[in-house]
Amino acid sequence: MGLTRQYLRYAPAALFGLVASARGNAALVGLRGERGRCVAVPACEHVFVWDTRKGEKVLILKGLKQEVSCLCPSPDGLHLAVGYEDGSIRIFSLLSGEANVTFNGHKAAVTALQYDHLGGRLVSGSKDTDVIVWDVINESGLYRLRGHKDAVTQVLFLKEKNLLVTSGKDTLVKWWDLDTQHCFKTLVGHRTEVWGMALISEEKRLITGSADSELRVWDITYIQEVKDPDEPESKKSKGSSPGAEENTEEDETLELDECPEERLVKCSKVGSIMREGRDRVVTLATDRTGKILACHGTDSVLEVFSVLSEEEVQKKLEKKMKKARKKAKQNSEEEPERSVELSLQEEIQRVTNIRASSKIKSFDLILSPKGELKIVLLLQNNIIESYNLNLSAQVPQAVRVSKITIGGHRSDVRTLAFSSDNIAILSAAAESVKIWNRSTLQCIRTMDCEYALCSLFVPGDRQVIIGTKTGKLQLYDLASGSLMETLDGHDGAVWSIALSPDQRGFVTGGADKCVKFWEFELVKDESSIQKRLSMKHVRILQLDEDVLCVRYSPNQKLLAVSLLDCTVKIFYVDTLKFFLSLYGHKLPVLCMDISYDGTLIATGSADRNVKIWGLDFGDCHRSLFAHDDSVMYLQFVAKSHLFFTAGKDGKIKQWDADKFEHIQTLEGHHQEVWCLALSPNGDYVVSASHDKSLRLWERTREPLVLEEEREMQREAEYEESVAKEEQPVVAGETQGETGLAGKKTIETIKAAERIMEAIELYREEMAKLKEHKAICKAAGKEVPFPVNPILRAYGNITPSAYVLEVFKKVKSSELEESLLVLPFSYVPDLLRLFNEYIHLGSEVELLCRALLFLLKIHFGQITSNHMLVTVIENLKKTTISRVSEARDVLGFNMAGLQYLKREIEAKDEVAFFADATDRFEEKKRKRKKKEKEKMVLAVL
């Protein structure tokens, strides 16, 4: 085997230029004990936590590869659940920024997440139409609920009852009883998709928003409350008892027999509130208290409503009654009192409309104890805005408190450039040019511009030139951040700009079928005595087609021009005579570059191919199928024949133009990559994409071997295919309404393999031990027993203890799926080992969970196996005794803690935990009030 050429790996160094992605939702989080100040927003695969007051990034919750699609903070404010495009969910600690738990269950993007009021359970809805309930404390999935026919849009837990409400794009709102895990009611009153849903008035009302300007309001009545108001909450059973049923039948006049699903909840439409927006509801939500309701459509207006509490409703009713009585008296004494009712519009009142600076993608709101509403808006154009709304004012007006914009462009970055010292990066979009410091990733300058298409740093790095869509050339001075000059360069868009190798001028190509040559010159400035830089038009080359790209050869003898007729024409620079035509692409060449020694030219086209040509004769050396979509940008690495390409498929690839090899793929962007720039020393690559992010890639010192790279690629493909394998179809079997929460992944398969290996080791060791005993007996003395190196590494533990160690290391969320993959031949051994462990009282909870699951899935085989009858009998005895012991311990500890709580309360006469802080705040307020009064008296 000959020598393999070594390359150096490029690795992701940073993601910048992004304030927030518009894919997911914004969520206010309580960092450092202060609610309503920090907001968590999705940023491609990461989650950024911004301090809205300072406009600073406080925390980055690092993701893996997939884009974030949904966020939900836990009720205690210490954790954040993050849903991703591939259906996985990770729970981050907001204190450490670490991801503690990962849940894999969905096959497509997570679209909705919600914690229950205690934070012990998490429910997720997805594009794959499934709803999964997860146990956050045990870090495992509880069950999967199937029933929706399209993507789930919202999921809500009901506080009082063990119920769940879900809405979907299939126009349905479904009610689930989580005790029996079935859907007992479906609301079918919507003509179009249900996009949002919220519970108000202490969960007595449900509001749904769909594709029209109506917010439908539904009244919820819990049937069990109707039955017996005196019955205590704890004794109420979800399934109705026969006695209770008779009562209800009398009340409801046989209505329940016709609608058996209305045994738990009755849901009837009361009316609707009209929104001002004409389009679909995008987000509909309430604050945590349920007093404020807000929603927005696909436009820039957020509509805020106030929901009256029961006391306020009563007061209003009394006022209305008084008025009605007065009227009755005035009209005629005998007129009977009419029934007075509040209309829905009076109960849910419009507060105000907040108009943002751009389209709203999502929002979150929090009501402070002082009655001030804090609202944070995530906008479509990479901005976060926060507003304050004083509800106690006569006419509440929203005041914009802050706006986070500096960290990114409003639209897609279309052009990038590196300064000659590798330090500054220029990025330009439709509205502004920004200069970034490469090492700190801070934005140093922001200058307004027209729609930018191409750019370059003027030699000396003190000025930059931008070519625009309208054909103008704009020259900016970086020191002052001002526009120095604007020239009309072309009659159409300036598609390309290239600096001449002698650095005295540059060339531009435009949609007006011209290539223009420019020189830098110093002109006298009218306003000052100093001269300033300007651009002078020197020559013009008229062509038959629009010019898409221009490039100089390094010796400045040749100029390559890519045209709309799919060819690249090469001219002599001095005489502008035609030299070569590179013909072969099926679609226009969008990008090209010439190598440092002028021997090769590489062209990237909209036909997804890259062709490598020799510049001496114009012969095509090789055509490479480069991307799955148009090749948008191509550039050689300095002093080498390696080049990078960027494609509309979201990938950046590195190639070797001598060996025609694909070296590596830089994956990170989630949408089309528009452009990239290489630093003059070749150590850095910066790229810009439609996902609004700029990414920096750094050349590491790590060598990259192509064979190894291919091997890793194949492994990744295999792992992906394993995870995608469907469960075998059993004839005549239909999918039930509920199922297992987890899904088969490469991790669950690996965990199952580890368990299998551990059991095999246990079998071998037990056989060896038997042999050893026989040898000892025959020899009549103790012969030394060789210890297995694995067991020695674990500290000379027994083989059975080793199996338990392996078991404990399986992630809680992957346990069921791992056991599902495990072949039955290993189950008898496992059951015997479980009996041994539970008898010793070790890991009772974990083992019982595994045991019950194994019994459930292998019930037929276990019961028909006579060898296992005694094992199961023994397990039954030991398990029941050990579980009741564990329950007693828990009960004792709970009682002990409650006793301690009472003792402490009695001793200090202080309410425990939360009450103490409330009282402290109250005291503080009173003290401040007294001090103010004293000051006023002193002044008087």
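Since the structure is predicted, the reported quantities are computational estimates derived from the model, not experimental observations.

**Let's talk about the overall build of the chain**
Item 1. What the chain contains, in helices and strands, is 15 helices and 57 strands.
Item 2. Structurally, the chain occupies a C-alpha span of about 115 × 105 × 70 Å along its principal axes.
Item 3. A total of 940 residues make up the chain; the buried ones form 49% of that total.
Item 4. Pairs at least 24 apart in sequence give 49% of the contacts found in the chain among residues at least 6 apart.
Item 5. Total accessible area on the chain is roughly 47400 Å²; 52% of this is exposed by carbon and sulfur atoms.
Item 6. In the chain, 129 side chains carry a positive charge and 139 a negative one; their mean positions are 4 Å apart.

**Some details on helix H7 (residues 746–779)**
Item 1. With 34 residues, H7 ought to run about 50 Å at 1.5 Å a step, and its terminal C-alpha atoms sit 49 Å apart, in line with that.
Item 2. Gly780 sits one or two residues past H7 and shows a positive phi near 75 degrees.

**Digging into the packing of helix H12 (residues 844–857) against helix H14 (residues 869–908)**
Item 1. Taken N-terminus to C-terminus, the directions of H12 and H14 make an angle of 140 degrees; their axes are 11 Å apart at the nearest point. Considering their axes alone, H12 and H14 lie oblique with respect to each other. Here H12 runs over H14; the crossing is left-handed. Here H12 contributes Val844, Cys848, Leu851 and Leu855 to the contact with H14, which in turn contributes Ile872, Leu875, Thr879, Arg882 and Val883.
Item 2. Across the contact of H12 with H14, the residue classes tally to seven nonpolar, one polar and one charged.

**Some details on the pairing of strand S7 (residues 79–84)**
Item 1. Counting buried positions over the six residues of S7 gives five, a clear majority of the element.
Item 2. In sequence, strand S6 (residues 68–73) turns back onto S7 through a hairpin of five residues, with Gly77 there showing a positive phi of about 75 degrees.
Item 3. As paired elements, S7 and strand S8 (residues 88–93) share five bridges and run antiparallel to each other. The partner of Leu80 across the bridge, within S8, is Phe92.
Item 4. The hairpin turn running from S7 into S8, its antiparallel successor, is three residues long, and Gly87 in that turn takes a positive phi close to 95 degrees.

**With respect to the nonpolar core**
Across soluble globular proteins, nonpolar side chains have a tendency to be buried as a group.
Item 1. Ranked by internal contacts, the top residues of the largest apolar core, which has 35 residues, are Phe807, Leu819, Leu830, Leu831 and Phe834.
Item 2. Sorting the residues of this core by element identifies H7, helix H9 (799–809), helix H10 (815–821), helix H11 (827–840), H12 and H14 as the ones contributing at least two each.
Item 3. Ranked by the residues each element gives to this core, the list is headed by H11, at seven residues.
Item 4. Filtering out sequence-adjacent residues up to four positions away, Leu819 remains in contact with Phe807, Leu830, Ala850, Phe853, Leu854 and Ile857.

**Things to note about the pattern of salt bridges**
Item 1. Counting across every chain of the model gives 34 salt bridges.
Item 2. Note that Glu485 is salt-bridged to Arg532, the shortest N-O span being 3.4 Å. Of this pair, Glu485 sits in strand S37 (residues 482–488) while Arg532 sits in strand S41 (residues 531–542), placing them 47 residues apart in sequence.
Item 3. When its relative accessible area of 14% is taken as the criterion, Glu485 is described as buried.
Item 4. Two residues, Asp565 and Lys569, come together in a salt bridge whose shortest N-O distance is 3.9 Å.

**A word on helix H6 (residues 706–724)**
Item 1. A rise of 1.5 Å per residue sets the reference length of H6, with its 19 residues, at 27 Å; its end C-alpha atoms lie 27 Å apart and thus fit the reference within 8%.
Item 2. At its buried positions, H6 is contacted by strand S1 (7–16), strand S53 (661–667), strand S56 (694–704) and H7.

**Regarding the packing of H7 against H9**
Working note: a packed helix pair is described by the angle between its axes plus the distance between those axes.
Item 1. Running from N to C, H7 and H9 cross one another at 175 degrees; their axes reach a closest spacing of 9 Å. By the angle between their directions, the pair H7 and H9 is classed as roughly antiparallel. Of H9, the residues touching H7 (which contributes Arg754, Ile755, Ala758, Ile759, Leu761, Tyr762, Glu765 and Met766) are Pro799, Ser800, Tyr802, Val803, Val806 and Phe807.
Item 2. Broken down by class, the residue content of the contact of H7 with H9 amounts to 11 nonpolar, one polar and two charged.

**Considering the packing of aromatic side chains**
Think of a pair of aromatic rings as described by two things: how far the centres are apart, and how the planes are tilted against each other in angle.
Item 1. Enumeration according to the criterion identifies 11 aromatic pairs in this entry.
Item 2. Measuring from centroid to centroid gives 5.1 Å for Tyr572 and Phe579, while their planes differ by 45 degrees, and the two rings are tilted.
Item 3. Three or more aromatic residues joined by ring pairs form one cluster here, namely Phe506, Trp518 and Phe520.
Item 4. Here the guanidinium or amino end of Lys57 rests over the ring plane of Phe48, the centre of that ring lying 4.1 Å away.

**Digging into the sheet that holds S37**
Backbone hydrogen bonds hold the strands of a sheet together, and the pairing may be parallel or antiparallel.
Item 1. The four strands are arranged S34-S35-S36-S37 in an open sheet whose pairing can be described as antiparallel. Where the open sheet ends on each side, the last strands, each with one partner, are strand S34 (452–457) and S37. Recorded for the sheet is a direction-independent mean angle of 20 degrees between the axes of neighbouring strands.
Item 2. By the bridge criterion, five bridges tie strand S35 (residues 463–468) to strand S36 (residues 472–477) in an arrangement that is antiparallel. Bridge pairing links Gln463 to Asp477 in S36.

**Topic: the sheet that holds strand S39 (residues 505–510)**
Item 1. Overall, antiparallel pairing links the four strands, which are arranged S38-S39-S40-S41 in an open sheet. Edge positions in the sheet fall to strand S38 (494–499) and S41, since each of these pairs with one other strand and no more. The average angle at which neighbouring strand axes cross in this sheet is 25 degrees, direction not considered.
Item 2. One ladder, built from five bridges, connects S39 with strand S40 (residues 514–524); its direction is antiparallel. Each bridged residue has a counterpart across the sheet, and for Val507 the counterpart in S40 is Phe517.

**Here we look at the environment of His190**
Item 1. Looking at the element boundaries, His190 is found in the loop between strand S17 (182–187) and strand S18 (196–200).
Item 2. Residues His190 and Gly209 lie 19 residues apart in sequence; the distance between their C-alpha atoms is 9.2 Å.
Item 3. For His190, the residues in contact, after removing those within four places along its chain, are Thr171, Val173, Thr208, Ser210, Arg216 and Trp218.
Item 4. A polar contact is formed between the side chain of His190 and the side chain of Thr208, at a distance of 2.8 Å.

**Some thoughts on unusual backbone geometry**
Item 1. Phi is positive for Leu576, close to 60 degrees, though the residue is something other than glycine.
Item 2. Within the secondary structure, Leu576 is located in the loop between strand S44 (568–572) and strand S45 (578–582).

**Remarks on the pairing of strand S22 (residues 283–286)**
Item 1. Of the strand pairs in this sheet, S22 and strand S23 (residues 292–296) are connected by four bridges, and their pairing is antiparallel. Opposite Thr286, over in S23, you have Leu293 as the bridge partner.
Item 2. The antiparallel hairpin formed by S22 and S23 contains five residues in its connecting segment, where Gly290 sits at a positive phi of about 80 degrees.

**A look at the environment of Ile360**
Item 1. Mapped onto the elements of the fold, Ile360 is located in strand S26 (residues 360–367).
Item 2. With 529 residues separating them along the chain, Ile360 and Val889 place their C-alpha atoms 53 Å apart.
Item 3. Look past the residues within four positions of Ile360 in its chain and what remains in contact with it is His296, Gly297, Asp299, Ser300, Val301, Leu302, Leu377, Leu378 and Leu379.

**Some words on a positive patch on the surface**
Item 1. Taken together, the side chains of Lys370, Arg919, Lys923, Lys924, Arg927, Lys928 and Lys932 define a basic patch exposed on the protein surface.
Item 2. Residue position: Lys370 is located in the loop between S26 and strand S27 (372–379).
Item 3. Judged by its relative accessible area of 82%, Lys370 falls in the exposed class.

Cut-off values and rules
Residues numbered from 1 in each chain as written. Predicted model: local features only at pLDDT ≥ 70, side-chain atom pairs only at ≥ 80, totals over all residues. Heavy atoms only, no water. Helix = DSSP H or I, 4+ residues; strand = E, 2+ residues; numbered from the N terminus. Buried < 20%, exposed > 50% of the residue type's maximum accessible area, 1.4 Å probe, protein only. Contact = heavy atoms within 4.5 Å. Areas by Shrake-Rupley, 256 points an atom, 1.4 Å probe, with all protein chains shown as cover. Lys, Arg positive; Asp, Glu negative; His and termini not counted. Charge placed at Lys NZ, Arg CZ, Asp CG, Glu CD. Expected span 1.5 Å × (residues − 1). Axes fitted to C-alpha atoms, helices over the stretch in contact; angles between N-to-C directions. Parallel < 35°, antiparallel > 145°, perpendicular 65-115°, else oblique. Left-handed = near helix turned anticlockwise from the far one by under 90°. Nonpolar A, V, L, I, M, F, W, Y, C, P; charged D, E, K, R; others polar. Pairing = 2+ DSSP bridges. Core = buried A, V, L, I, M, F, W, Y, C linked by side-chain atoms within 4.5 Å. Salt bridge = Lys/Arg side-chain N within 4 Å of Asp/Glu carboxyl O. Phe/Tyr/Trp six-rings, centres within 6.5 Å; stacked < 30°, edge-to-face > 60°. Lys NZ or Arg CZ within 6 Å of the ring centre and 35° of its normal. Polar contact = N/O pair within 3.5 Å; in protein donor to acceptor, adjacent residues only side chain to side chain. Patch = residues over 30% accessible without salt bridge, like charges linked within 9 Å, V, L, I, M, F, W, Y side chains within 5 Å.

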